[in-house]
Amino acid sequence: MISGMLLEFEKISRSFGGVRALSGVSFGVQAATIHGLIGPNGSGKTTLMNVVSGLSGADAGRLLFDGRPIHRLRPHRIAALGVARTFQNIRLFSGMSCLENVIAGQHLMGARPLFQRLFRLRSANLAEMKSLADARACLSKAGIAGRESAPAGSLSYGERRRLEIARAMALKPRLLLLDEPIAGMRLREIEEMESLFRSLVASGVTILLIEHNMPFVMRLCHSITVLHFGETVMTGTPGEVAEHPEVIEAYLGGKGERNEG
Ligand SMILES: Nc1ncnc2c1ncn2[C@@H]1O[C@H](COP(=O)(O)OP(=O)(O)OP(=O)(O)O)[C@@H](O)[C@H]1O
Ligand SMILES: [Mg+2]
């Protein structure tokens, strides 16, 4: 294990039929930093995040979390190690309230099965009260405290993204995987998310961030990995990435704006 690395990709490959989505991807993510993952549409970013969270297995290579191989573990085992995520295509229980959605995230932490936790909301014991308070704090940090009883399906697009972030935060993750978290958000919301992510990292959380909004990535990330056709073009600081000729060719110059889920 390389010192200070929370996550280490070692020659990770993944194909779908004839499509080689990831081809020998290697890089490390330093603990308590924000690491950006950029690249054109279809370059393998989401697939790589799916490998981390266990949704997609790797065909070859190793993935270490805190020095421990996790590439063969099931998603719930990986989540239990302290890995939480949001999805490019938002996944919420749209008929449930915001608060219930966050509590549904907490059930992975353990005490009781989800149905019991929801059923017992009204006659909450101390532990339930604590998780309720935690859930409310997560909603508040994500800037949607005022919407706690609103059904998730009634939220605006930006609010739904924040709710997903609140739900991931409720897991108290060590590693937070964010797949295009600010897609569709307004400028003010983006600024709020920026300060939220900074404060999470200041408290010791590590963030792996996929985002097409380049100014946001450049401001926020400590280091960035660039993917192109499933291969690592480079890993470096925002300054190094911005100056790399292949990156300018392959990514910064090579695609138009795209900012939807
Ligand atoms: N479940 C799947 N079945 C078949 N092909 C897939 C699957 N998931 C991804 N792919 C293919 O793998 C490649 C990488 O896709 P991926 O979604 O990881 O790209 P991405 O970098 O996240 O793109 P975007 O910026 O558009 O979200 C694409 O060619 C895609 O079509
Ligand atoms: Mg994607």
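This text goes with the structure placed above it.
Residues numbered from 1 in each chain as written. Chains lettered and ligands numbered in written order. Predicted model: local features only at pLDDT ≥ 70, side-chain atom pairs only at ≥ 80, totals over all residues.

Colleague: Explanation requested: the nonpolar core in the structure shown.
Modeller: General note: in soluble globular proteins, nonpolar side chains tend to be found buried as a group. Counting 63 residues, the largest nonpolar core has Val52, Val102, Leu139, Ala166 and Leu208 as the members making the most contacts within it. Residues from two domains meet in this core; each of domain 1 (1-82 + 173-261) and domain 2 (93-171) gives at least three. (Core = buried A, V, L, I, M, F, W, Y, C linked by C-beta atoms within 7 Å. Buried ≥ 20, exposed ≤ 12 C-beta atoms within 10 Å, placed from the backbone. Domains from an automatic or database assignment.)

Colleague: Would you explain the site of ligand 1 in this entry?
Modeller: Around ligand 1, the neighbouring residues are Phe16, Val19, Ala21, Gly39, Asn41, Gly42, Ser43, Gly44, Lys45, Thr46, Thr47 and Gln88. Contributions of two or more residues to the shell around ligand 1 are made by β2 (19-30) and α1 (45-53). If you tally residues by element for the shell around ligand 1, the top one is α1, at three residues. Residue composition of the shell around ligand 1, by class: three nonpolar, eight polar and one charged. (Near = placed C-beta within 6 Å. Helix = DSSP H or I, 4+ residues; strand = E, 2+ residues; numbered from the N terminus. Nonpolar A, V, L, I, M, F, W, Y, C, P; charged D, E, K, R; others polar.)

Colleague: Where do I start with the sheet that holds strand β7 (residues 175-179) in this structure?
Modeller: Each strand in a sheet pairs with another by means of backbone hydrogen bonds, the pair being arranged parallel or else antiparallel. What the six strands build is an open sheet, ordered β6-β7-β8-β3-β9-β10; its pairing is mixed. The open sheet terminates on both sides in strands that have one partner only, identified here as β6 (83-85) and β10 (231-236). In this sheet, neighbouring strand axes are inclined to one another by 15° on average, regardless of whether the strands run parallel or antiparallel. The sheet contact formed by strand β3 (residues 34-38) and strand β9 (residues 223-228) spans four bridges and is parallel. Each bridged residue has a counterpart across the sheet, and for Leu37 the counterpart in β9 is Thr225. Each of β3, β7 and β8 (206-210) touches helix α7 (residues 187-202); the most contacted strand, β8, lies at about 145° to it. (Pairing = 2+ DSSP bridges. Axes fitted to C-alpha atoms, helices over the stretch in contact; angles between N-to-C directions. Contact = placed C-beta atoms within 7 Å.)

Colleague: Mind showing me how you'd approach the packing of helix α3 (residues 98-106) against helix α6 (residues 157-169) here?
Modeller: The description of two helices packed together rests on the angle between their axes and the distance between the axes. α6 packs onto α3 with a crossing angle of 35° between their chain directions and a minimal axis gap of 7 Å. α6 is crossed by α3, and the crossing has right-handed handedness. Between α3 and α6, the contacting residues are Cys98, Asn101, Val102 and Gly105 on the first element and Leu163, Ala166, Arg167 and Ala168 on the second. Taken together, the residues of the contact of α3 with α6 break down into five nonpolar, two polar and one charged. (Left-handed = near helix turned anticlockwise from the far one by under 90°.)

Colleague: I tried to follow the sheet that holds β2 on my own but got confused; where do I start?
Modeller: Here four strands make up an open sheet; going across it, the order is β2-β1-β4-β5 and the pairing antiparallel. Single-partner strands in this sheet number two, and they are β2 and β5 (68-69). Across five bridges, strand β1 (residues 5-16) lies against strand β4 (residues 60-65) in antiparallel orientation. Opposite Leu7, over in β4, you have Phe65 as the bridge partner.

Colleague: Looking at this model, I keep getting lost on the packing of α3 against helix α5 (residues 126-141). Mind explaining?
Modeller: Where α3 meets α5, the closest approach of the two axes is 9 Å, and the angle between their N-to-C directions is 115°. With respect to the hand of their crossing, α3 and α5 are arranged in right-handed fashion. The residues of α5 that touch α3, namely those facing Cys98, Leu99, Val102, Ile103 and Gln106, are Ser131, Asp134, Ala135, Cys138 and Leu139. Taken together, the residues of the contact of α3 with α5 break down into seven nonpolar, two polar and one charged.

Colleague: I keep staring at unusual backbone geometry and nothing clicks. Help me out?
Modeller: Its identity is not glycine, yet Asp66 carries a phi of approximately 55°, on the positive side. Note on placement: Asp66 falls in the loop between β4 and β5. Residue Asp66 is classed as partly exposed on the basis of its 16 C-beta neighbours within 10 Å. For Phe229, which is not a glycine, the phi torsion comes out positive at approximately 50°. Following the sequence through the fold, Phe229 ends up in the loop between β9 and β10. Using a count of 15 C-beta atoms within 10 Å as the deciding quantity, one classes Phe229 as partly exposed.

Colleague: Just to check I follow, could you spell out the environment of Met193 for this structure?
Modeller: With respect to the helices and strands, the residue Met193 is situated in helix α7. Given 22 C-beta atoms within 10 Å, Met193 falls into the buried group. Spatially, the C-alpha atom of Met193 lies 9.4 Å from that of Ile165, the residues being 28 residues apart in sequence. Sequence-distant contacts of Met193, defined by excluding residues within four places in its chain, comprise Pro181, Ile182 and Met185.

Colleague: Would you take a moment to explain the environment of Asn89 for this structure?
Modeller: Looking at the secondary structure, you find Asn89 in the loop between β6 and α3. Residues Asn89 and Asp179, 90 residues apart in the sequence, show an inter-C-alpha distance of 8.7 Å.

Colleague: Help me out: how do you make sense of the pairing of β9 in this one?
Modeller: Most of β9 is tucked away: five of the six residues are buried. Bridge count between β9 and β10: five bridges; the pairing is antiparallel. When the sheet's bridge partners are listed, His228 is paired in β10 with Glu231. Where β9 folds back on β10, the antiparallel hairpin that results is connected by two residues, among which Phe229 adopts a positive phi of roughly 50°.

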